[in-house]
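# Working through the structure, step by step
Spelled out, the chains give:
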Amino acid sequence: MNFRDYIWFNNPRGLHNSGPYTSLKIERYTGPRMGWAKLVVGGTEQIEAARTLIERECMPIIRVFRERLGASPVPNEWFDIYRQYYDAGVCWFELYSEPNMDHAWPLGADGRPSVGVDWNNHERCIQPLMDNWLMWAERIIEMGGYPAFPAMAETTEPRLATITWMETC
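So, a few notes on the structure that sits alongside this text. Position numbers for residues count from 1 along each chain, tracking the sequence in the order it is written. The model is predicted, so local features are restricted to residues of pLDDT at least 70 and side-chain atom pairs to those at 80 or more, both for listing and for counting; the totals for chains, interfaces and linings are taken over all residues. Note: side-chain values were computed over all heavy atoms of the structure, leaving out hydrogens and water.

What follows deals with the layout of surface pockets. A cavity, in this analysis, means grid points on a 1 Å lattice covering only the protein atoms where a 1.4 Å probe fits yet has no way out; a pocket is instead an open set bounded by protein on both sides within 12 Å along at least five of seven lines, and a residue lines either one if it has an atom within 4 Å of a point. Grid points are joined across faces, edges and corners, and a volume is the space filled by probe spheres set on the points. One number sums up the size of the largest pocket: a volume of about 210 Å³. Lining of the largest pocket is provided by 14 residues; of these, R63, F65, R66, S97 and A104 occupy positions nearest its centre. Note on residue classes: Ala, Val, Leu, Ile, Met, Phe, Trp, Tyr, Cys and Pro are nonpolar, Asp, Glu, Lys and Arg are charged, and everything else, Gly too, is polar. Looking at the lining of the largest pocket residue by residue, the class counts come to 6 nonpolar, 3 polar and 5 charged. Of the voids in this model, the second largest pocket is the one considered here, and its volume is about 170 Å³. What lines the second largest pocket is H16, W36, K38, I61, W92, E94, A148, F149 and A151.

In structure tokens, the structure reads:
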């Protein structure tokens, strides 16, 4: 697809919500005329808000939240959630947030991430992250939606460096 074919409101300004299960103040996005709203959700609690945002030309981007998701595969029941948002008019979806940070990964018995969070850890970090993302992305595309690439945190710490992570992924 060409970018000109994607559905959006030609406005690159946007905001992130406060997190899942919180009430959304529509005016926070529509007052300053945002073009997109990143909605981190726990389930379908923001469907009506998503419809309202779309009516007001602010495109939601939906990410289902689970703490320390790491590179875990997407549970099948999430696709029902994605479908409900898609049916409400949402096109954009995101999976994984800041996988280049320790806080995004499950903890081991020692209280540290269960994998070595490092762009150089292809076998246990990068490969499962990208394999699971690709399977998810293909299902989002089949549904008619647009899969966002994992959002990386800004950092220059060598093992977590944003640009190196993006290039490696």
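Now, onward.
The pairing test for Phe, Tyr and Trp rings, Trp by its six-membered ring, is centres within 6.5 Å, and the orientation test on the planes gives stacked under 30 degrees, edge-to-face over 60, and tilted for anything in between. Scanning the entire structure with this criterion turns up 6 aromatic pairs. Plain terms: the ring middles of F79 and Y82 are 5.5 Å apart, the flat faces sit at 70 degrees to each other, and that makes the pair edge-to-face. Pair noted here: F79 and Y82 are both in helix α3 (residues 77–87), with a separation of 3 residues, about one helical turn. Of the two residues examined, F79 and Y82, each falls in the buried class. Geometrically, the ring pair formed by W92 and Y146 is edge-to-face, given 4.8 Å between the ring centres and 70 degrees between the ring planes. Residue W92 is found in strand β4 (residues 92–94), and its partner Y146 is found in strand β5 (residues 146–148); the two are separated by 54 residues along the sequence. Counting from the N terminus, the helices are the DSSP runs of H or I reaching at least four residues and the strands are the DSSP runs of E reaching at least two. Only protein chains enter the area calculation, which uses a 1.4 Å probe; residues under 20% of their type maximum are buried, those over 50% are exposed, and those in between are partly exposed.

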